[in-house]
Amino acid sequence: MAQTTEADTLQSVALNQKVLHALDQLGLAVLVKDVASGRYDVANEAAARLLGLTDRHVVGAVDAELFDATQAVALRAADQQAQAAPDGVRAEHKLELSTGRHEFVTWRQAFTDEASGGSKLLSVWQDVTESRRRETQLQTALAQLEQQQKANDSLRRDVEDNQVRDAVSGLYHRAHFEEQLRREADLSSREQREFALVSVSIDNIDEIRRMHSVEGCERVVEALGRLLRANTRAMDSPCRLGGDRFVVLLSGVGLATAHSRMEQLRRQCAQHIVPYNGQQIPFTVAMGVASFPHTAGGIDELMRSADRAMASAREKGGNRIVLASIQFVPAN
């Protein structure tokens, strides 16, 4: 093997100087440490500047002379990890410097110095404090934007909801209900399936108003609205027609199922007590149940059929359910 000539050595030194200068221009700190002594052999200008060591002599010093004890221990652990990794290792450090807290990304790799035969450790440091700060600011801004978007979506839903729901009961307005009723009737006609319609009224509403005022009546309407929402599914449409009149569209169910579900609601109403102004207001409901197409073949007649059944329930004293009469279709 040819021996290294003095010219080769000078050329290598010159190349190393150019590399150090280039890395310095990029703002990268370069340090070379002697593994045996733990002292730094090489440090470019950026090393002292980035690590806040401009007032100290980096070359010839050990970590304990440049950093506090905690930081020196962390750096020693990173050095040991790099010595055990032939291909080098990446690490991150957070150092408290005279200019404040800084974050660094480092690359360490052990190598053998051909001239001395000793083990050396090369480390390249990049200050990522500012980029991490900008990244954090961006994440914060994105999180705030996402929160604002959610707030806007929530507000939009509230506005849309207020357009289709009664403010007191929380149930759908008549216009929304009528649209759902038309859709359900079209779907049921195409698929030849049933759906039920329930007319509901609060018993003795005038007596409640006389004894507990208009606001007391509103508390009863609120309570009934909550019970109706709790006893209906997402595909159903409970609605307040106005005053003490309510109607419920029960999608895809017949008279028997509708009666069973509304009987549960009737019992809940009869057992429910509405607190108001230091008093307790009991209330009951009368209900009439009709179904499509068995008690009526069109939506107008279906509404009238349910109303007639509900009126019959009221005439019988309320707090009951009456089923609409099933149409008789004579055989041809």
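Structure: above.
Our subject in this report is the structure included herewith. (Residues numbered from 1 in each chain as written. Predicted model: local features only at pLDDT ≥ 70, side-chain atom pairs only at ≥ 80, totals over all residues. Heavy atoms only, no water.)

### Overview of the sheet that holds strand β4 (residues 100-112)
This is how it is decided: Any two strands between which DSSP finds at least two bridges are classified as paired. Helix and strand assignments come from DSSP, with helices taken as H or I runs of at least 4 residues and strands as E runs of at least 2, each series counted from the N terminus. To obtain an axis, a line is fitted to C-alpha atoms, over the contacting stretch when the element is a helix, and the angle between two such axes runs from 0 to 180 degrees between their N-to-C directions. Contacts were defined at the residue level, with two residues in contact if any of their heavy atoms lie within 4.5 Å.
Overall, antiparallel pairing links the 5 strands, which are arranged β2-β1-β5-β4-β3 in an open sheet. At either end of the open sheet lies a strand with only one pairing partner, and these are β2 (40-43) and β3 (89-97). Mean inter-strand twist for the sheet, computed between neighbouring axes without regard to direction, equals 25°. Bridge count for strand β1 (residues 29-34) against β2 is 3 bridges, and the pairing is antiparallel. Bridging from a neighbouring strand, Val 32 pairs with Val 42 of β2. Along the sheet face, helix α4 (residues 69-83) touches β1, β3, β4 and β5 (119-127) and points at about 170° away from the line of β3.

### Things to note about α4
Put simply, the rule is: Multiplying one less than the number of residues by 1.5 Å gives the expected span of a helix. With a 1.4 Å probe rolled over the protein chains alone, any residue whose accessible area is under 20% of its type maximum counts as buried; one over 50% counts as exposed, and the rest are partly exposed. The directions considered for the arc are those from the helix axis to the C-beta atoms. Any N or O atom pair separated by 3.5 Å or less is treated as a polar contact, with the protein-specific requirement of one donor-capable and one acceptor-capable atom, and with residues adjacent in sequence counted only for side-chain atom pairs.
End to end, α4 covers 21 Å across 15 residues, agreeing with the expected 21 Å (1.5 Å per residue, within 8%). Residues of α4 that are buried: Gln 71, Ala 72, Leu 75, Ala 78, Asp 79 and Ala 82. Buried positions in α4, seen along its axis, are confined to an arc of 125° and lie on one side of it. Looking at α4, the residues exposed on the side facing more than 90 degrees away from the buried face are Ala 69 and Thr 70. Looking at the buried side of α4, the elements it contacts are β1, α3 (63-66), β3, β4 and β5. Looking at where α4 begins, the residue whose side-chain oxygen comes 3.2 Å from the main-chain nitrogen of Thr 70 is Asp 68.

### Topic: the environment of Ile 326
By secondary structure assignment, the location of Ile 326 is in the segment after β12 (320-323). For Ile 326, a relative accessible area of 57% gives the class exposed. On a C-alpha basis, the gap between Ile 326 and Ala 290 in space is 8.4 Å, while along the polypeptide they are 36 residues apart. Contacts of Ile 326, omitting those with residues within four sequence positions, involve Leu 255, His 294 and Thr 295.

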